[in-house]
Amino acid sequence: MTGRVSARGLAIRALVEIERSGRANIVVPKLLDGDGALLSQRDRAFVTELAYGTVRMQRACDWLIGGHLSARRPLTELDRPVRAALRLGAYQLAFLHTPPHAAVSETVAVVRRPAAGLVNAVLRRVADDVAAGVDWPDVATRLSYPDWIVDRLSTDLGADDALAALEQMNQPARMTVRADGYVQDEASQQVAAAVAAGGFAGGEVIADVCAAPGGKATYLASGRPAVVVAADIDPDRARVIVENSTRLGLSNVATIVADGVAPPLRPGCLDRVLVDAPCSGLGVLRRRPDARWRIQPSDVDRLASLQRRLVDAALPLLSPGGLLVYCVCTLTRAETVGLDEWMAGAHPSACPVALDLGPAWEQGVGRGARLLPQVAGTDGMFVIAVRAPAGR
Ligand SMILES: C[S@@+](CC[C@H](N)C(=O)[O-])C[C@H]1O[C@@H](n2cnc3c(N)ncnc32)[C@H](O)[C@@H]1O
């Protein structure tokens, strides 16, 4: 790579670092705060687009490149920076529709010799393929997801909804900023608003038992006469809740580090409890470009079992008539309708309640509501609310 900082050069460094060790959401901001600080605002946004987009579309890019490499030197055998440059070039050609002369020459310009020759030759062929119209081998390669995610969501949602959701989650995430300055997706705000519905006129005690980084907990606490217990099992993440509530000037958020499966709270003490459970995150893949390559099918079953244990532990915390809201930012059946079916059997006295979530949500999905990401360009989510019996 050359010494001068360029957007494409920095994007290649990001890709190398993401492949080696880390997560895009950590690597990219760190690089932008370091050498990226020398770039213009526009170039910084371009680095993010290039790095996130290339990671998202990696399977598709690898397929485009693979056909032009010799079997003796496949993509996996090349040095990391060379592999990253090839992927970056293919991404620009196929998905950003960058004119070939710019995509190829400016990518080659940040590659050291002697690899520059190989990158130039391969990207020129990819440019020709793109110009001729790519004949993708299958939908999972075209949309750049592991087969299992395409298969699972097609089974769980139906092929049309699944493919529309997967297409939508290849678009960059939109930024939504709350009135108090906190950046939070609209879908999450709608869930928090539904938890808060009816106001807390007499003052209430509420808990978010999986609260970090504090998006919904701070929403619930802001301007409301409530005490919000914000619990998370991860101490580092719990610290972020404290930082966020301090920054927002909220004195009514009590942050604790605690396992939601065994919460250190008195039974019957809560008016409302939110179980914003850890999940496979298949509704927020646009926000986490590398997540699709990390999450495994076995994670879904493990998480579904944890979600049940969290609900089991949260329900006894409710006072009579208290409200439990379960939500996940995923779309698998096991973690949504499957959880609801289990709850109906395991906790028959918990009575389902319809929440006012807004027109984009589909009600009556099991006893809950679902928001598909393609409907309003938000995260994909599932919510179910139940009330504890009034006279326990
Ligand atoms: C979906 S996130 C919560 C998002 C948060 N409610 C918000 O609105 O910003 C799930 C959180 O659950 C936490 N978590 C995972 N297992 C947990 C457990 N057993 N008990 C409590 N928290 C847990 C994770 O650390 C993660 O921060």
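Placed above this text is the structure.
Novice: Lay out the overall build of the chain in plain terms, naming residues and giving numbers.
Specialist: Within the chain, the secondary structure is distributed over 17 helices and nine strands. Based on the C-alpha atoms only, the size of the chain along its principal axes is roughly 75 × 45 × 35 Å. Looking at the chain as a whole, 52% of its 392 residues qualify as buried. The long-range share in the chain, meaning contacts at least 24 apart out of those at least 6 apart in sequence, stands at 75%. Accessible surface computed for the chain: about 17000 Å², of which carbon and sulfur atoms make up 52%. The centroid of the 43 positive side-chain charges in the chain is displaced by 5 Å from the centroid of its 42 negative side-chain charges.

Novice: Give me the packing of aromatic side chains: which residues, what numbers.
Specialist: Applying the stated criterion across every chain, the model contains three aromatic pairs. Summarising the aromatic geometry, the rings of W63 and W136 are spaced 5.5 Å apart at their centres and angled 40° between planes, so their arrangement reads as tilted. Taken together, the residues W63 in helix 4 (residues 58-66) and W136 in the loop between helix 7 (115-132) and helix 8 (139-143) connect sequence positions 73 residues apart. Residue classification places W63 among the partly exposed residues on the basis of a relative accessible area of 37%. Grouping aromatic residues by their ring pairs yields a cluster made of W63, Y91, F95 and W136. Stacked on the ring of Y145, the Lys or Arg R292 has its end atom at 3.9 Å from the ring centre.

Novice: Please provide a residue-by-residue account of the nonpolar core, values included.
Specialist: With 62 residues, the main nonpolar core has V275, L324 and Y326 as its most contacted residues. The dominant element in this core, judged by the number of residues it contributes, is strand 5 (residues 318-328), at seven residues. Beyond its immediate chain neighbours, meaning those up to four positions away, L324 contacts V273, V275, V311, A314, L315, L318, I384, A385 and V386. Formed by 49 residues, the second largest nonpolar core is a distinct cluster that contains A51, C61, L88 and V122.

Novice: Tell me about the pairing of strand 4 (residues 270-276), residues and numbers included.
Specialist: Put simply, side chains in a regular strand alternate between the two faces of the sheet. Here strand 4 lies mainly inside the structure; six of its seven residues are buried. Relative to strand 4, strand 1 (residues 204-208) runs parallel, the two sharing three bridges. In the strand pairing of strand 4, A207 is matched with V273. Bridge count for strand 4 against strand 5 is six bridges, and the pairing is parallel. The residue of strand 5 that forms the bridge with D276 is C327.

Novice: Can you lay out the pairing of strand 1 for me, pointing to particular residues and giving the numbers?
Specialist: Most of strand 1 is tucked away, with four of its five residues classed as buried. The parallel pair strand 1 and strand 2 (residues 226-232) is bridged by helix 12 (residues 215-221), and the resulting crossover is right-handed.

Quick notes on the rules
- Residues numbered from 1 in each chain as written.
- Predicted model: local features only at pLDDT ≥ 70, side-chain atom pairs only at ≥ 80, totals over all residues.
- Heavy atoms only, no water.
- Helix = DSSP H or I, 4+ residues; strand = E, 2+ residues; numbered from the N terminus.
- Buried < 20%, exposed > 50% of the residue type's maximum accessible area, 1.4 Å probe, protein only.
- Contact = heavy atoms within 4.5 Å.
- Areas by Shrake-Rupley, 256 points an atom, 1.4 Å probe, with all protein chains shown as cover.
- Lys, Arg positive; Asp, Glu negative; His and termini not counted.
- Charge placed at Lys NZ, Arg CZ, Asp CG, Glu CD.
- Phe/Tyr/Trp six-rings, centres within 6.5 Å; stacked < 30°, edge-to-face > 60°.
- Lys NZ or Arg CZ within 6 Å of the ring centre and 35° of its normal.
- Core = buried A, V, L, I, M, F, W, Y, C linked by side-chain atoms within 4.5 Å.
- Pairing = 2+ DSSP bridges.
- Right-handed = clockwise from strand over helix to strand, strands pointing away.

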